[in-house]
Amino acid sequence: MHACAQRRFVSKLVILLLNATLGIPAVRGYAQEADETLPAQPAKSASHEHAVAGTVINSVTGEALNRAVVEFWGPVKRATLTDASGRFEFNSLDQGSVSIVVAKPGFFDEQITSRGQPLVLRVGSSATPVVLRMIPASSIIGRVTTQEGEPLEGFLVRAIIQQNLAGRPRWVDHMFQAQTLEDGSYRIAQMPPGTYYLVVDQSQEATLSQPGVPNPRDQGYAQVFYPAVSELSAAAPMELRGGQEVEANFALTAEPFYKLAGMVVTQDQLPSEIVFQRAAGQGSDFHQNAALEEGRFQIEVPAGSYAAYGTTPAGMLLSTAGASIALSSDTSDGRIALAPLPSVPVRVRTELASGGTELVDAAQALQLVRVNLHSVSTTPSLQQADMGWNPRSSEIQNVEPGAYEVEVNTFDPWRVESAHCGSLDLLSENLTIPAGSQPSAIEITLRNDAATVSGTVVEAEGEMASVLLVQQNSTRNLVKLLPRVQGRFQFNGLAPGDYALIVSDGIDKVEYMNPEVLNPYLATAVHVSLPPHGRANVNLSPVNR
Amino acid sequence: MLQRVIARFFLIGVLVARLSAGPHEPDFGVSGITIDAITGQPLSRSEVSIGKAEELETTLQKVLTESDGHFAFTHLQPGKYWLAARRNGFRKQGYEQHGGYLSAVVVGPGLASDNLIFRVHPDASIGGTIIDGDNEAVSNASVLLFHTDFSTGFKQVSYVGEASTDDRGAYRFAHLESGQYFAVFSAQPWYGSIAAELRQRTGGDPSVAPPVFDMVYPTTYYHGVTESSSASPIPLHDGENFVADVTLAAEPVLRLRVNHGNGDAQQPRTASLKQAVFDRLIDLPSTQENSIDDAIEISGIPPGKYLLDVQSYARTVNTRCRMVDLMGDTQVDADSTTLLPSIRGVIQRDGGLNLRSGFLRLWNLRTQQVVDTQYSENGEFSVNSEFLTPGTYAVFVRNGENSIISSMVATGAKVMGQSIQISGSTTVELSIRLSRSLSTIDGTALRDGKPIPGAMIVLVPENPELDLPLFRRDQSDSDGTFRLRDVLPGRYKILGIDNGWDLEWANPTLLKTRLAHAVDEQIQPNMTYKVIVNVE
């Protein structure tokens, strides 16, 4: 017999890219940034006479690092390799500012990892040797098996980590991951130190459940967080120190698959496919796509409570709107009703400071605002998302039900006078989008009496500080950030009132939207009071924390 | 392994067996045990599946074997069925599978389809670690895997796949079949690109980085040599995990200056170096090309032998090539390269029926080098390749249908059966006509009057040297039957060979003695023939 569909039979060669995840390239990005942002120092009279020497060491063991690349970014761009005792030297340098980055596979530049920017040196100011520290990369290794100890191959293991994004904790996913090999082993490498959570992805590939039985039920595996839980909130954190290798094994329990067939009913166009997601705490631990043919679908999934989603050809998101599909046995007559996700209308009004309320031009007024919805959740979930809205239409479409902090921005000379949803004050209270019902409109009022605060920052050597502007409020602070300013800063579009200004290296990385995190910084803040149209000028010095 | 799939399909075409079975016929079954092909031990928890031979993508029944390896399927109608098994450590494989062929199990009155012994071959792997002379891991290296392959009818070393090394310098190829493999390592020191990038940004200023950066690794064959002729084959057995570690020795970089030709209006626009690695041409990871006043300079080259590929654009792309053997910084004139032949042409079908777009493959009869080109839906194609040197090429057309060349007309080349002979740097115009008048040969493989399953059946054209595309192959099923499809009218011999899967079945010299005992058949258009083949 001749095997036509050879793909099925010819030995499937799986080329396993052992290289798990991202490496060091971020370092080079930073280096370039520094290069562009540092002002080129005019060559002073005495030139080409300075030298910079130093060593590169392992920050954990203190050992000298052989063959690390040290790069100089400034008016002169140079690179060199360290010798066996970790030493490097650059000669014939002009006076001026340079940033130094160091690279070596398996290590991170400590300066960039911990402060987000390269070390900045003023050539000619000191002859002290520089010590560049590199953090050895960490890794997580382990095996994924069945309860019986059979290896599970091709399973994706992800290490997720929380980082602060715009002052709010957010999950960074799919950055550190690896697939299990044929013996079930995996290795996630090249990880910076930190607190990680480990998760094994689901597998849609079905195996047979029972030996010796003709055509037994298929079974498969849902997503599992380490050690053996289905939701992130119950997962155990893994603390990785520099250079550490931690072992984490998974023994997964297979779940029988059930057939679910039926049809989809919508008020709108039918999507071409829908996704079924099984609920697990605040998130989902199993999903399966189903193609729709004339509204009919057929899938095999484990038992549980499912929500379904789909996108119409016009781009409208449909969902089961809070209703769930419970599956505990083979079902052939499922009926899935999909409704559009809520849309939040936005109305913008302008007020003139010269007097009178003027509904300028509603369409034009819309163009003056940017609205961000920041999802708020008490339990951690990977699904948590932020949503930015640019006013192309008068409503924010496809909003997942949930609680949001609403951030409204506008442009000088306008400032946000108020933002309401019904009686809710959105500048201090969270907006809750209910499932399955249409939310009220967000009403924004702008006023053209914005105040401005600007000034200078006296930066310490080697620092690029960030400036935070805070208007304290009993329920939620209003916070604006200017990251890594160079000497000067300016905040526009401010409502009259009292503000605190904080200058600190690295404050852009902290959870500053959380008052408990922010409060210690406020003790050293500079306070200003701004009247309507006010223009304040302040000089700031960074606080080292 | 698309490459291999195409290679096989080029020679064998697509076969879909049509068998009919009435709805009220009695039940039949298939049963047997799965055993480890190496240890002979029964395989527990192996997943065995079955489906109709003409529907390879549809599984009818599945079962998980118990500890005795036993499997059984019932309620089957008479017909031909494929059988497949898989297990942890055993890739999915067909019953008695050899490359792209397997033995179908034939079910029906008086046919034996019980107590089958399904030998399942355990997976093998090749992995290892690459370090450099300083004992440091070489990460992000490319590892190319090749193997010795008979699927084209000749013993050939062909490409299997590629892997890269991780932060520890480790790589791995899993789920391999047993066979003879070759591993090739292509890498550059991790710091090499940093200096090159810096120099690029500073307009080639050499002072930005010391010469210690200017090191490269020559392409290295296992076990640490730079010539393919000295490469050590890896004899990989079923179930084996072969460790192929290698140490790469960094060498100082070389430069090649390609001077523009004098008075040549078609100045080279690009010049690049390629390296022949078995049946592939690879790019070097460390080289950079820079255009300077009257030349193109290629830097970052490891010492070695390369194909210099110079392209210039007039109305069409001209590809000129030469070999360079670099031991130090070198200058060559673009004029010293040779203009390669090129082919333009069109494919048509008898009766003017629509074509489907597909591939045209040229097979160098002397070097066995392959040149593939895509052709469009209106059948037009053009071939420009560093591999297209003067020589004789068998011409294959592949588009998922029965696509057999009935005739070719060429200017600038000589047509010889299914092959063309190209001499010199000419532009060949080639017109290809595909036949629709193909025949089928159904047969039974016998030895001493008994059906022989699993035998290799080869249909050999009258002129095997030039008519390589007319070869057909199949594997006999459990009742000894086979089918050869898409046979162009003409005179053929049919051979049945037991245990012949590692034979050069298209090599005319090796075939000569065997052909004396072969069945001789004159094939007319659009017919189905019945033959009996005695297996050696």
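Residues numbered from 1 in each chain as written. Chains lettered and ligands numbered in written order. Predicted model: local features only at pLDDT ≥ 70, side-chain atom pairs only at ≥ 80, totals over all residues.

J.: Go over the overall build of chain B, please, and point to the residues and values.
T.: Secondary structure summary: chain B contains three helices and 45 strands in total. By principal-axis analysis of the C-alpha atoms, chain B measures approximately 85 × 60 × 40 Å. Residues classed as buried in chain B amount to 42% of the 536 residues present. Long-range pairs, those at least 24 residues apart, make up 71% of the contacts in chain B with a sequence separation of at least 6. (Helix = DSSP H or I, 4+ residues; strand = E, 2+ residues; numbered from the N terminus. Buried ≥ 20, exposed ≤ 12 C-beta atoms within 10 Å, placed from the backbone. Contact = placed C-beta atoms within 7 Å.)

J.: Talk me through the nonpolar core; I want residue IDs and the actual numbers.
T.: Within the largest apolar cluster, 99 residues are counted, with the highest numbers of intra-cluster contacts made by Phe182 and Ala183 of chain B. Apart from residues lying up to four places away in sequence, Ala183 of chain B is in contact with Ile126, Val143, Leu145, Tyr222, Ile234 and Ala244 of chain B. Ranked by size, the runner-up nonpolar core spans 80 residues in total, among them Ala79, Val123, Val157 and Phe297 of chain A. (Core = buried A, V, L, I, M, F, W, Y, C linked by C-beta atoms within 7 Å.)

J.: Got a sec to walk through the sheet that holds strand β2 (residues 50-58) of chain A? Specific residues and values, please.
T.: Residue and element names in this part refer to chain A. Ordered by their spatial adjacency, four strands build an open sheet running β5-β2-β9-β7, and the pairing between neighbours is mixed. Only two strands of the sheet have a single neighbouring strand rather than two, namely β5 (87-93) and β7 (107-109). Across this sheet, the average inter-strand angle for adjacent strands is 30°, counted without regard to direction. Bridge analysis of β2 against β5 gives five bridges, and the strand direction is antiparallel. (Pairing = 2+ DSSP bridges. Axes fitted to C-alpha atoms, helices over the stretch in contact; angles between N-to-C directions.)

J.: Help me get a handle on the environment of Thr320 of chain A, residues and values and all.
T.: In this fold, Thr320 of chain A is placed in the loop between β26 (317-319) and β27 (325-327). For Thr320 of chain A, a count of 22 C-beta atoms within 10 Å corresponds to the buried category.

J.: Explain the sheet that holds strand β4 (residues 78-81) of chain A residue by residue, including any values.
T.: Residues and elements named next belong to chain A. As summarised here, the arrangement of the four strands in space is β4-β3-β6-β8, forming an open sheet in which the pairing is antiparallel. The open sheet is flanked by β4 and β8 (119-123), the only strands paired with a single partner. When the angles between neighbouring strand axes are averaged without regard to direction, this sheet yields 25°. Pairing of strand β3 (residues 69-73) with β4 involves four bridges; the strand directions are antiparallel. Among the inter-strand pairings, Glu71 is bridged to a residue of β4, identified as Ala79.

J.: I'd like a description of the pairing of strand β23 (residues 283-291) of chain A, backed by residues and values.
T.: Residue and element names in this part refer to chain A. Sheet analysis places strand β22 (residues 273-280) next to β23, joined by eight bridges and oriented antiparallel. Bridging across to β23, Glu273 finds its partner in Ala291. Count of turn residues in the β22/β23 antiparallel hairpin: two residues, of which Gly281 carries a positive phi of about 60°.

J.: How would you summarise the confidence of the model for chain B if you had to cite specific residues and measurements?
T.: Residues and elements named next belong to chain B. In this model, chain B carries a mean pLDDT of 89, and residues with pLDDT of at least 70 account for 93%. Low pLDDT, under 50, characterises residues 1-22; the predicted model gives this stretch 52 contacts beyond four residues in sequence or across chains. Across the predicted assembly, pTM comes out at 0.87 and ipTM at 0.86. (pLDDT = per-residue confidence, 0-100.)

J.: So what's going on with the pairing of strand β36 (residues 419-422) of chain B? Residues and values would help.
T.: All names here are of chain B. Note that strand β33 (residues 391-398) and β36 share four bridges and pair antiparallel. Following the sheet pairing, Gly391 is matched in β36 by Ile422. When strand β35 (residues 413-416) meets β36, the two strands line up antiparallel, connected through four bridges. By the bridge assignment, Val415 is partnered in β36 with Ile420. Count of turn residues in the β35/β36 antiparallel hairpin: two residues, of which Gly417 carries a positive phi of about 60°.

J.: Any chance you could break down the confidence of the model for chain A for me, citing the residues and the numbers?
T.: Per-chain confidence: chain A averages 85 in pLDDT, with 89% of residues scoring 70 or above. When the criterion is pLDDT under 50, residues 4-45 of chain A qualifies, and its contacts beyond four places in sequence or with other chains add up to 102 contacts.

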